[in-house]
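# Secondary and tertiary structure notes
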Amino acid sequence: QKEVEQDPGPLSVPEGAIVSLNCTYSNSAFQYFMWYRQYSRKGPELLMYTYSSGNKEDGRFTAQVDKSSKYISLFIRDSQPSDSATYLCAMKNQTGANNLFFGTGTRLTVIP
Amino acid sequence: DTGVSQDPRHKITKRGQNVTFRCDPISEHNRLYWYRQTLGQGPEFLTYFQNEAQLEKSRLLSDRFSAERPKGSFSTLEIQRTEQGDSAMYLCASSLAAGLAGAFGPGTRLTVL
């Protein structure tokens, strides 16, 4: 079993829709949770970062962490064609930890 | 400084050849990471440097792989006697000592024929 599970999709939505992306994990030591966006043939770019449980909002993006269920989500409101990319969740267990554990990524297409 | 840069962006080589990739991190970042990403998968951690010291290596980093970061600035990743299974995107990331997520470069895509 992988430490981080993510549905690879693909996921297609119409422009303006609310998108929900999710990951589950098995390691209860994970405390830091991140979402990256990766365009085709590019490196990942950090979108959101949260510590422990709770919600964090940044513009059209909201990240949620439920440590009791080992479940994290990224919501995208008013989705745009420019949001079309692969979204990767990642997590680590402490501030000093050096490696991130990534999900496989979910490929999202927003249709104009 | 526009971010992490990597060179080359693409490399095609024949099985058994040696290849070397370069990463130039964000100048003030003292931590540097190498990850490998295969098609349809998330990045997997390979190794980590703090300044010039290589402090952590993944089990994925076989003895054919070697990484260096002389003078704590740019880093190189060398793969000796390449195998077809080495075909992947090799990503470099950097961060400040207190940083958590790092900034990724565009990657070097390696194809081993």
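Scroll up to find the structure.
Once a new chain begins, its residue numbering starts again from 1 and follows that chain's sequence as written. A letter from A marks each chain and a number from 1 marks each ligand, given out in the order of writing. In view of the model being predicted, local features appear only for residues whose pLDDT reaches at least 70, and side-chain atom pairs are presented and counted only at 80 or more, with totals across whole chains, interfaces and linings using the full set of residues. Here the side-chain values reflect all heavy atoms present in the structure, with hydrogen atoms and water set aside.

### Examining the layout of surface pockets
- In this structure, the largest pocket spans a volume of roughly 660 Å³.
- Site definitions follow a grid-based scheme: protein atoms alone, a 1 Å grid, a 1.4 Å probe that fits but cannot get out for cavities, and for pockets an open set with protein on both sides within 12 Å along at least five of seven lines, plus lining residues having an atom within 4 Å of a point. Ser-40, Thr-86 and Arg-107 of chain A together with Leu-39 and Gly-40 of chain B are the residues nearest the centre of the largest pocket, which is lined by 24 residues in total.
- Among the secondary structure elements, those contributing two or more residues to the lining of the largest pocket are β9 (85-92) and β11 (106-111) of chain A together with β9 (88-95) of chain B.
- Polar here means any residue other than Ala, Val, Leu, Ile, Met, Phe, Trp, Tyr, Cys and Pro, which are nonpolar, and Asp, Glu, Lys and Arg, which are charged; Gly is therefore polar. Grouping the constituent residues of the lining of the largest pocket by class yields eight nonpolar, twelve polar and four charged.
- Grid points are joined across faces, edges and corners, and a volume is the space filled by probe spheres set on the points. Its boundaries defined by the atoms lining it, the second largest pocket holds a volume of some 370 Å³.
- Taken together, 16 residues line the second largest pocket, and the ones lying closest to its centre are Phe-101 and Phe-102 of chain A together with Pro-43, Glu-44 and Phe-45 of chain B.
- Helix and strand assignments follow DSSP, with helices taken as H or I runs no shorter than four residues and strands as E runs no shorter than two, numbered in order from the N terminus. Secondary structure elements with two or more residues in the lining of the second largest pocket: β10 (101-102) of chain A together with β5 (44-50) of chain B.

### Some points on the pattern of salt bridges
- Just to be clear on terms, a salt bridge is a Lys or Arg side-chain nitrogen sitting within 4 Å of an Asp or Glu carboxyl oxygen. Counted under the stated rule, the structure contains six salt bridges over all chains.
- Among the salt bridges present, the one from Arg-60 of chain A reaches Asp-83 of chain A, with a minimum N-O distance of 2.9 Å. Of this pair, Arg-60 of chain A sits in the loop between β6 (54-58) and β7 (61-66) while Asp-83 of chain A is found in the loop between β8 (71-76) and β9, placing the two residues 23 residues apart along the sequence.
- A simple rule labels every residue: compare its accessible area, found with a 1.4 Å probe on the protein chains alone, to the largest value its type can have, and call it buried under 20%, exposed over 50%, or partly exposed in between. Looking at Asp-83 of chain A, the relative accessible area reads 1%, which means it is buried.
- In this structure, Asp-86 of chain B engages Arg-64 of chain B in a salt bridge whose closest nitrogen and oxygen atoms are separated by 2.8 Å. Of the two residues, Asp-86 of chain B is situated in the loop between β8 (75-79) and β9 and Arg-64 of chain B in the loop between β6 (53-57) and β7 (65-68); the sequence distance between them amounts to 22 residues. For the pair Asp-86 of chain B and Arg-64 of chain B, a shared accessibility class is recorded, and that class is buried.
- Residues joined by salt bridges that share partners form a network here, namely Arg-64, Glu-83 and Asp-86 of chain B.

### Concerning the nonpolar core
- Here, nonpolar core refers to any group of buried Ala, Val, Leu, Ile, Met, Phe, Trp, Tyr and Cys residues whose side-chain atoms link them within 4.5 Å. Counting residues in each nonpolar core, the largest one holds 24 residues, and the members touching the most others are Trp-35, Ile-72, Leu-74, Tyr-87 and Met-91 of chain A.
- Looking at this core, the elements that each hand over two or more residues are β3 (19-25), β4 (32-38), β5 (45-51), β7, β8, β9 and β11 of chain A.
- Within the second largest apolar cluster, 19 residues are counted, among which are Cys-23, Phe-49, Ala-88 and Tyr-90 of chain B.

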